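Summary of the model geometry
If you want the building blocks of each chain, they are given just below.
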Amino acid sequence: MKVLKIVVMSAVFLGLPVQADWRNEGSPEEQLANLVKLVPGTSHWMFEIGERYKNLYWAAKLDRWEFAQYQVEEIEKLITVVQLARPKRAETAEEFIDTGLPVIAEGVASKNWDAFKPAFEKLRQACITCHGKNDHAFISLPAEPATAGSPSLNLPRR
Ligand code: HEC
């Protein structure tokens, strides 16, 4: 460990590059390979989808139907990003697009909380079904999210 430190420090002292910056100096192949490794995975995109799921619920509850529709559209875009980023999830994502999204789109279009609520439950089931099919059944989702994070909704944090 100590030896490594000395080697690294002398490299810095001598002005030698400790590690070449692949972004400027790498070959196109190396640059491409590194960029592919940097493509965010499912967990990253799901984090955002989770936020939009909460925003969707609260937007409907607060009668913010246009904002609710926007959340559904963004969720759809994010699911297609998952398909591209992680091809092994593409098939189950397609099932979700076919079964989960039309129901919630209708629920939002109704601009009616009583029609929205069962549609939101169906969306939740479709999300959870995909988690199960992808060996992540333990990732549950609340039927009634306690709060939502978008500043546009201005809800208290919990
Ligand atoms: C294509 C299948 C699929 C669909 C559809 C899907 N998920 Fe996921 N989700 C996953 C997988 C797989 C993970 C685990 C990610 C990992 O470990 O790479 C995950 C993880 C999550 C997480 C955990 C993120 C974290 O770390 O806190 C949340 C929240 C989540 N999903 C919400 C949702 C919501 C909400 C929906 C529906 C609107 C949804 N998911 C639809 C596959 C899916």
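Our structure's up above, just so we're on the same page.
For clarity, every value in this text was computed on a predicted model and none was experimentally measured.

1. Digging into the coordination of the iron atom of the ligand
For the iron atom of the ligand, the full set of protein donor atoms is Met46 (SD) and His131 (NE2), and the range of their distances to it is 2.0 to 2.4 Å. Angles of 86 to 179° at the metal separate the six donor atoms of the iron atom of the ligand, which places the site in the octahedral class. Highlighted residues: Met46 in helix H4 (residues 42–61) and His131 in helix H7 (residues 113–133), separated in sequence by 85 residues. Judged by relative accessible area, Met46 falls into the partly exposed class, the value being 27%. Its relative accessible area of 14% is what places His131 among the buried residues.

2. Some thoughts on the environment of Thr42
As for its placement among the helices and strands, Thr42 is situated in helix H4. Given the relative accessible area of 14%, Thr42 is considered buried. If we ignore the near neighbours within four places in the chain, the residues touching Thr42 are Val82, Arg86 and Arg89.

3. Quick notes on the layout of surface pockets
The volume enclosed by the largest pocket comes to roughly 620 Å³. Forming the boundary of the largest pocket are 25 residues, of which Met46, Phe47, Ile49, His131 and Ile139 lie nearest the centre. Looking at the lining of the largest pocket, the elements with two or more residues in it are H4, helix H5 (65–85), helix H6 (90–109) and H7. Considering every element that reaches the lining of the largest pocket, the biggest residue donor is H4, with nine residues.

Rules of the game
- Residues numbered from 1 in each chain as written.
- Predicted model: local features only at pLDDT ≥ 70, side-chain atom pairs only at ≥ 80, totals over all residues.
- Heavy atoms only, no water.
- Donors = N, O, S within 2.8 Å, 3.2 Å for Na, K, Ca; no water.
- Tetrahedral: all angles 85-135°; square planar, octahedral: opposite > 155°, others 65-115°.
- Helix = DSSP H or I, 4+ residues; strand = E, 2+ residues; numbered from the N terminus.
- Buried < 20%, exposed > 50% of the residue type's maximum accessible area, 1.4 Å probe, protein only.
- Contact = heavy atoms within 4.5 Å.
- 1 Å grid on protein atoms, 1.4 Å probe; cavity = no way out; pocket = protein on both sides within 12 Å on 5 of 7 lines; lining within 4 Å.
- Points joined across faces, edges and corners; volume = space filled by probe spheres on them.

Read these as spatial facts, not as claims about activity.
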